[in-house]
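# A look at the structure
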Amino acid sequence: MGDDRKVYSRKVYRFFADRNVVFRNYLLSTDQKVRTAEHISTHLKFVLPRKSSVTVNIIGGGSGEAEIPIINELISSWGPDVNIEHVEPSKIMSKTFSKRLSEIGLSNKISLYKTVNTKYESPKYQPPQSDLILVINSIYFLDGWNKLNVINPLVKIYSSLNPSGIATIVLKSHDSQHCKLKGVGGGGKTTGEKVRQFLQRLDIPFYWDTINAQIDVSTLFKDGKFAPDKQGNMLLSFIYKGEWNNFDKSAKAKVSYLLSRMARKVDNKYLLDTKYDCIWIYKEPNRSDIPATNTVGKDTQRMSSILTQNLNLIENFPKKNITFVDLTPILRRGDLFATLTEFIANKYQNSKIDYVAAKDMQALLWAGAVAYKMGIGVIPMFRKDLPGDLV
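Residues numbered from 1 in each chain as written. Predicted model: local features only at pLDDT ≥ 70, side-chain atom pairs only at ≥ 80, totals over all residues. Heavy atoms only, no water.

The next subject is the nonpolar core. Ranked by internal contacts, the top residues of the largest apolar core, which has 57 residues, are V56, V217 and L259. Among residues more than four places away in sequence, those in contact with V217 are L235, A263, Y270, L271 and L272. Counting 28 residues, the second largest nonpolar core, distinct from the first, contains W145, L154, Y158 and W208. (Core = buried A, V, L, I, M, F, W, Y, C linked by side-chain atoms within 4.5 Å. Buried < 20%, exposed > 50% of the residue type's maximum accessible area, 1.4 Å probe, protein only. Contact = heavy atoms within 4.5 Å.)

Taken together, I314, F317 and F324 make up a surface patch of nonpolar side chains, about 240 Å² in accessible area. Within the element layout of this structure, F317 appears in the loop between β11 (312–315) and β12 (323–326). (Patch = residues over 30% accessible without salt bridge, like charges linked within 9 Å, V, L, I, M, F, W, Y side chains within 5 Å. Areas by Shrake-Rupley, 256 points an atom, 1.4 Å probe, with all protein chains shown as cover. Salt bridge = Lys/Arg side-chain N within 4 Å of Asp/Glu carboxyl O. Helix = DSSP H or I, 4+ residues; strand = E, 2+ residues; numbered from the N terminus.)

Attention now goes to the side chain of S138. Mapped onto the elements, S138 comes out in the loop between β4 (130–136) and α7 (153–159). Not counting residues within four places of it along the chain, the set of residues in contact with S138 comprises I59 and G60.

Scanning all chains against the criterion turns up 14 aromatic pairs. Ring centres of Y140 and F141 lie 6.4 Å apart, and the angle between their planes is 85 degrees; on these two criteria the pair is classed as edge-to-face. F141 matches Y140 in its accessibility class, with the two residues each being buried. Judged by centre distance (4.4 Å) and plane angle (20 degrees), the rings of F221 and Y270 are stacked. (Phe/Tyr/Trp six-rings, centres within 6.5 Å; stacked < 30°, edge-to-face > 60°.)

With that settled, consider the pattern of salt bridges. The final tally for this structure, using the stated rule, is 10 salt bridges. A salt bridge links R24 to E65; its shortest N-O distance comes to 2.5 Å. Here R24, found in helix α3 (residues 20–29), pairs with E65, found in the loop between β1 (53–59) and α5 (67–78); they are 41 residues apart in sequence, far enough to count as distant. Taking relative accessible area as the criterion, R24 reaches 34% and is therefore assigned partly exposed. E65 sits in the buried class, given a relative accessible area of 15%. Among the salt bridges present, the one from D31 reaches R35, with a minimum N-O distance of 3.3 Å. Classification of R35 by relative accessible area gives partly exposed; the value is 34%. Members of the salt-bridge network, linked through shared partners, are D31, R35 and E38.

Those residues of helix α9 (residues 192–201) that sit buried are G192, V195, R196, F198 and L199. Seen along its axis, α9 keeps its buried residues to an arc of 165 degrees; they face one direction. (Arc of directions from axis to C-beta.)

The end-to-end C-alpha distance of helix α11 (residues 249–262) is 20 Å, a good match for the 20 Å that 14 residues give at a rise of 1.5 Å each. The backbone nitrogen of S250 lies 3.2 Å from a side-chain oxygen of the residue at the head of α11, namely D248. (Expected span 1.5 Å × (residues − 1). Polar contact = N/O pair within 3.5 Å; in protein donor to acceptor, adjacent residues only side chain to side chain.)

The next thing to look at is the packing of helix α4 (residues 32–47) against α5. The N-to-C vectors of α4 and α5 enclose an angle of 30 degrees; their axes lie 9 Å apart at closest approach. Our classification of the angle between α4 and α5 gives roughly parallel. Viewed along their axes, α4 and α5 form a crossing whose handedness is right-handed. Contacts between α4 and α5 involve A37, I40, S41, L44 and K45 from the first element and P69, I70, E73 and S77 from the second. (Axes fitted to C-alpha atoms, helices over the stretch in contact; angles between N-to-C directions. Parallel < 35°, antiparallel > 145°, perpendicular 65-115°, else oblique. Left-handed = near helix turned anticlockwise from the far one by under 90°.)

Attention shifts here to the pairing of strand β2 (residues 81–87). Regular strands place side chains that alternate from one sheet face to the opposite one. Among the 7 residues in β2, 6 count as buried, and that is most of the element. Both β1 and β2 contribute to a ladder of 7 bridges, which runs parallel. Each residue of the ladder has a partner; that of I58, found in β2, is H86. Running through α5, the crossover from β1 to the neighbouring parallel element β2 is right-handed. When β2 meets strand β3 (residues 112–116), the two strands line up parallel, connected through 5 bridges. Each bridged residue has a counterpart across the sheet, and for I84 the counterpart in β3 is Y113. This β-α-β element, β2 to helix α6 (residues 91–103) to β3, shows right-handed connectivity. (Pairing = 2+ DSSP bridges. Right-handed = clockwise from strand over helix to strand, strands pointing away.)

These values are about where atoms sit, not about what they do.
Structure, rendered in structure tokens:
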């Protein structure tokens, strides 16, 4: 497995720290940070336990384009006391992060904010036990995430989660156009697919979904032809983490060819579609019925993988900013339907349950199968217009 740090060497850090204008230029060209913040904020409403006090560990948050909106939404949703520890090697980035917190008035709403200018994977850094850990586009810079040892940063992340806590890792998807483009310059080796594979080897429970975004690459074209202007050169320099002008003619020709095929013209803009994997690492709550070997966690991890690989997610349906989860691909496969039904039934077999309630027609399909397996009844919770008593 590759490690982007080894491909690009230590110049990567200096490039991001010293060329902040390049980074800012990229941010103005993409909606990825906005999409990421919206996606994570929506998901956290369902998975993050509502506590009076929440500890958040931000790893490599940079200037906080995604992280700060997430924290703002978290505080606005139910108003917990929020304690933040931001570990960021770049002092320039961490100062920008703190400044943005103050500018939007969020620093006054945070109970505790602490910045640590060091590498997260350093043995000297001991992260706080956290309810939420954000690793947004920073896994690329963590040494040793693909090594089987106790100081692996992925193990460190999981170990520092509180019971019922959750960590989210956002990074480029292996089948994203962005990733294919980076491959020309020797990058793109750290992808969501590879991180998931290693999480499985480490036996860390997780599930994942996808964030769709776009990069406006109009500055790379002129009169329909690949001809980067000054801003376009900065955009390419950011994508490849190095000076675009230093690329040889062969590499430039390959990039030109790929972008001409990948970019789609919308009105007067050229857009590059990108995909990012959002990996959710979770820690099961402390329960007396979980075996020491944590087989429940292993089974949950396996079922989560099956679900995420076979679900059909339809964005902006039935209306904008809502993602419809279509389960029919699983229903069409008898083996998957049976496996998941058995898993759900076994999980609650020893619980004192008399009925399985279904809130809609799609849920009724699963409720009927699970209830049959458990030998109990089903209660539909919809269609009030039908005759009969309401429960």
